[in-house]
Amino acid sequence: MELFSTASTTVFALVAGFIFGFLLRKGSVSRFDTIIGQLLLKDFTVMKVMFTAIVVGSIGIFALNETGHLPTFHLSTTATFYVIIGAAIFGVGMSITGYCPGTALAALGEGAKDMIFGLLGLLSGAFLFNAYSPSLLPGMQQKDLLHTETLSTLLGVSPVVIIGGLALIWILFVLAVRKIESV
Amino acid sequence: MIRYFQKDKWSPYLVGALIGLLLTLCFAAGQLIGASSGIAKISALIEMGISSTAIQKGSLFEKLLSNQIIFDWKLLFVLAIPFGSWAATRLTKEPTPKKNLYWARRFGTSRFKRFIAAFIGGCLLMIGARLAGGCTSGHAISGGAQTSIVSWIFMIVLFATAIPVSFLLYKKPN
């Protein structure tokens, strides 16, 4: 067992995680009331952050792809059935906790003592899942079109079209939220 | 500029854009943003620390430890998150709002109740994330930005579940 991989990966991971935690906190999504506020459809901060991150991220990723720097896509190969079941369980958990794993860690950094128990729960959940994992894991991989293709390769259109579509939906989202919040 | 770092809350659109930029940089380096597997790796290391022979063949923990590196990207990333949040909090000079109000108005101020809920919720989050193969950081943001269709499915089902459950749990009592 090695302790670390390369020096650059080590430093980059720490800096990236630090910045991510910093941004989650400044975005206020490290707070129970922000996340539950979203789930109660009273506070749209979470969707604003997530949707914008996805749109900007997709522009960046596809731009990288086009300009010759070719990072490989890492698309999830988890079977759709398990993605759905998992997302539902995750949704219940997120509602009860008031956080997701990443924001729970950010909450911890902000001083939320209940997330000490949240973290213990996350760690315990891993042990619980791990116990059943040898029988579960083999059946959880799926390599169909949904898993091997991005939207653009699946539909056979240029990524620009997909990103243009996403950006358009984002604009509509921003306008819609403005309307909702002005009431 | 310093004043902006002292604010309690930034524009969510700015924060989202910066996260998108961060994701792009990580992607350029061959990495993704994710949180649930990093946390699961801590559990794997705990089991390894207790007894390396306890790691079952074909298990999640075996898979997480298979790169033979302890402090890999996934683990270091999640370990750094609380420190980033802490730093952002330290810099904040504006007053911060009271916390957990939605919880308190429905379930009261008992810390015990809150801690139990946090623990159970945490278990469900991790079980759900491991079944789905990711969490909001891994699926929604990293997968979503790559326009991976299963990641979009994850997001939709997540909100479709979490919203009604939250209404049941936290809607203002009459």
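Just so we're clear, the structure is a prediction, and the values are computed from it rather than from any experiment.

## Considerations on the overall build of chain A
Within chain A, the regular secondary structure consists of nine helices and one strand. Shown N-terminal to C-terminal, the secondary structure of chain A runs as helices and strands in the order β-α-α-α-α-α-α-α-α-α. With the principal axes as the frame, chain A shows a C-alpha extent of 50 × 45 × 40 Å. Counting over 183 residues, chain A shows a buried share of 53%. Taking the contacts inside chain A whose residues are at least 6 apart along the sequence as the reference set, 60% of them involve residues at least 24 apart. Entry remark: accessible area of chain A is about 7800 Å², with carbon and sulfur atoms responsible for 73%. Taking the average place of the 9 positive charges on the side chains of chain A and the average place of its 9 negative ones, the gap between the two points comes to 12 Å.

## Concerning empty space enclosed by the protein
Scanning the model with the defined rule gives one cavity of 30 Å³ or more in all. The calculated volume of the largest cavity comes to roughly 170 Å³. The set of elements that each furnish at least two residues to the lining of the largest cavity consists of α1 (7-26), α3 (45-66) and α5 (101-110) of chain A together with α8 (136-145) of chain B. Here the lining of the largest cavity is composed, by residue class, of eleven nonpolar, four polar and no charged.

## Overview of the nonpolar core
Among soluble globular proteins, nonpolar side chains are generally buried collectively. One finds Phe20, Phe90 and Tyr99 of chain A together with Ile19 of chain B to be the most contacted residues of the largest nonpolar core, which totals 90 residues. Ranked by residue count, the leading element in this core is helix α9 (residues 149-170) of chain B, at nine residues. Leave out the neighbours within four places in its chain, and isoleucine 19 of chain B touches Phe20, Leu23, Leu24, Val49 and Ala53 of chain A together with Ile33 and Ile141 of chain B. Judged by nonpolar contacts, the second largest core, of seven residues, contains Phe44, Phe173, Val174 and Val177 of chain A.

## Details of unusual backbone geometry
Here the phi dihedral of serine 28 of chain A falls at roughly 65°; this positive angle occurs in a residue that is not glycine. Structurally, serine 28 of chain A can be placed in the loop between α1 and α2 (32-39). Under the relative-accessibility criterion, serine 28 of chain A is labelled buried at 3%. Although it is not a glycine, glutamine 68 of chain B adopts a positive phi angle of roughly 60°.

## Observations concerning the interface of chain A and chain B
How big an interface is tends to be stated in terms of the accessible area lost upon association of its parts. With 116 residues of chain A in contact, the opposing surface of chain B contributes 120 residues. Looking only at chain A, the three residues that lose the most surface to chain B are Met1, Phe20 and Lys26 of chain A, adding up to 7% of its buried area. The interface formed by chain A and chain B contains four salt bridges. Run the count over chain A and chain B and you get 33 residue pairs in polar contact (both at pLDDT 80 or more). Per-element accounting of the side of chain A that touches chain B gives the leading share, 20 residues, to helix α6 (residues 114-136) of chain A. Across the side of chain A that touches chain B, the residue classes tally to 69 nonpolar, 36 polar and eleven charged. As judged from the two bridges shared by strand β1 (residues 2-4) of chain A and strand β1 (residues 69-71) of chain B, these two strands associate in the parallel manner.

## Notes on the layout of surface pockets
Residue and element names in this part refer to chain B. Taken as a whole, the largest pocket encloses approximately 950 Å³ of empty space. Lining the largest pocket are 38 residues, and of these Leu32, Ser37, Lys74, Arg130 and Gly133 sit closest to its centre. Only α3 (36-50), α4 (60-65), α5 (73-91) and α8 provide two or more residues apiece to the lining of the largest pocket. Its residues placed into classes, the lining of the largest pocket shows twelve nonpolar, 21 polar and five charged.

## Side note on the confidence of the model for chain B
Put simply, chain B has an average pLDDT of 95, and 99% of its residues get 70 or more. In the predicted complex, the global pTM is 0.96; the interface-specific ipTM is 0.97.

## A closer look at α3 of chain B
For α3 of chain B, spanning 15 residues, the distance from its first C-alpha to its last is 22 Å, which sits close to the expected 21 Å at 1.5 Å a residue. Buried within α3 of chain B we find Ser36, Ser37, Gly38, Ile39, Ala40, Lys41, Ser43, Ala44, Leu45 and Glu47 of chain B. Against α5 and α6 of chain A together with α4, β1, α5 and α7 (111-132) of chain B lie the buried residues of α3 of chain B.

## Re the side chain of threonine 24 of chain B
The residue threonine 24 of chain B is located in helix α2 (residues 12-28) in this model. Note on threonine 24 of chain B: relative accessible area 12%, which makes it buried. In this structure, threonine 24 of chain B is in contact with Val56, Gly57, Gly60, Ile61 and Leu64 of chain A, ignoring residues within four places of it in sequence.

## Describing a nonpolar patch on the surface
Together, Ile116 and Leu120 of chain A together with Phe112, Ile116, Phe119 and Ile120 of chain B give the surface a local cluster of nonpolar side chains, amounting to about 550 Å² of exposed area. Of all the elements in the fold, those that place two or more residues in the nonpolar patch are α6 of chain A together with α7 of chain B. Sorting elements by how many residues they give to the nonpolar patch places α7 of chain B first, with four residues.

## Notes on the pattern of salt bridges
Proximity of charged atoms lets side chains of opposite charge pair with each other. In this structure the tally under the stated criterion is eight salt bridges over all chains. If you follow the salt bridges from partner to partner, you end up with Arg25, Arg31 and Glu110 of chain A together with Asp8 and Lys99 of chain B in one network.

## A word on the packing of aromatic side chains
All names here are of chain B. Enumeration according to the criterion identifies 22 aromatic pairs over all chains in this entry. With a centroid separation of 5.4 Å and 85° between ring planes, the pair formed by phenylalanine 5 and tryptophan 10 is classed as edge-to-face. Aromatic side chains phenylalanine 107 and tyrosine 170 sit 6.0 Å apart centroid to centroid with 90° between the ring planes, which places their arrangement in the edge-to-face category. A residue pair is termed long-range when its members are at least 10 positions apart, and phenylalanine 107 in helix α6 (residues 101-107) and tyrosine 170 in helix α9 qualify at 63 residues. A relative accessible area of 0% means that tyrosine 170 is categorised as buried. Arginine 114 extends its terminal NZ or CZ atom over the ring of tryptophan 103, reaching a point 4.7 Å from the ring centre.

Basis of the calculations
- Residues numbered from 1 in each chain as written.
- Chains lettered and ligands numbered in written order.
- Predicted model: local features only at pLDDT ≥ 70, side-chain atom pairs only at ≥ 80, totals over all residues.
- Heavy atoms only, no water.
- Helix = DSSP H or I, 4+ residues; strand = E, 2+ residues; numbered from the N terminus.
- Buried < 20%, exposed > 50% of the residue type's maximum accessible area, 1.4 Å probe, protein only.
- Contact = heavy atoms within 4.5 Å.
- Areas by Shrake-Rupley, 256 points an atom, 1.4 Å probe, with all protein chains shown as cover.
- Lys, Arg positive; Asp, Glu negative; His and termini not counted.
- Charge placed at Lys NZ, Arg CZ, Asp CG, Glu CD.
- 1 Å grid on protein atoms, 1.4 Å probe; cavity = no way out; pocket = protein on both sides within 12 Å on 5 of 7 lines; lining within 4 Å.
- Points joined across faces, edges and corners; volume = space filled by probe spheres on them.
- Nonpolar A, V, L, I, M, F, W, Y, C, P; charged D, E, K, R; others polar.
- Core = buried A, V, L, I, M, F, W, Y, C linked by side-chain atoms within 4.5 Å.
- Buried area = accessible area lost by both parts, 1.4 Å probe.
- Salt bridge = Lys/Arg side-chain N within 4 Å of Asp/Glu carboxyl O.
- Polar contact = N/O pair within 3.5 Å; in protein donor to acceptor, adjacent residues only side chain to side chain.
- Pairing = 2+ DSSP bridges.
- pLDDT = per-residue confidence, 0-100.
- Expected span 1.5 Å × (residues − 1).
- Patch = residues over 30% accessible without salt bridge, like charges linked within 9 Å, V, L, I, M, F, W, Y side chains within 5 Å.
- Phe/Tyr/Trp six-rings, centres within 6.5 Å; stacked < 30°, edge-to-face > 60°.
- Lys NZ or Arg CZ within 6 Å of the ring centre and 35° of its normal.

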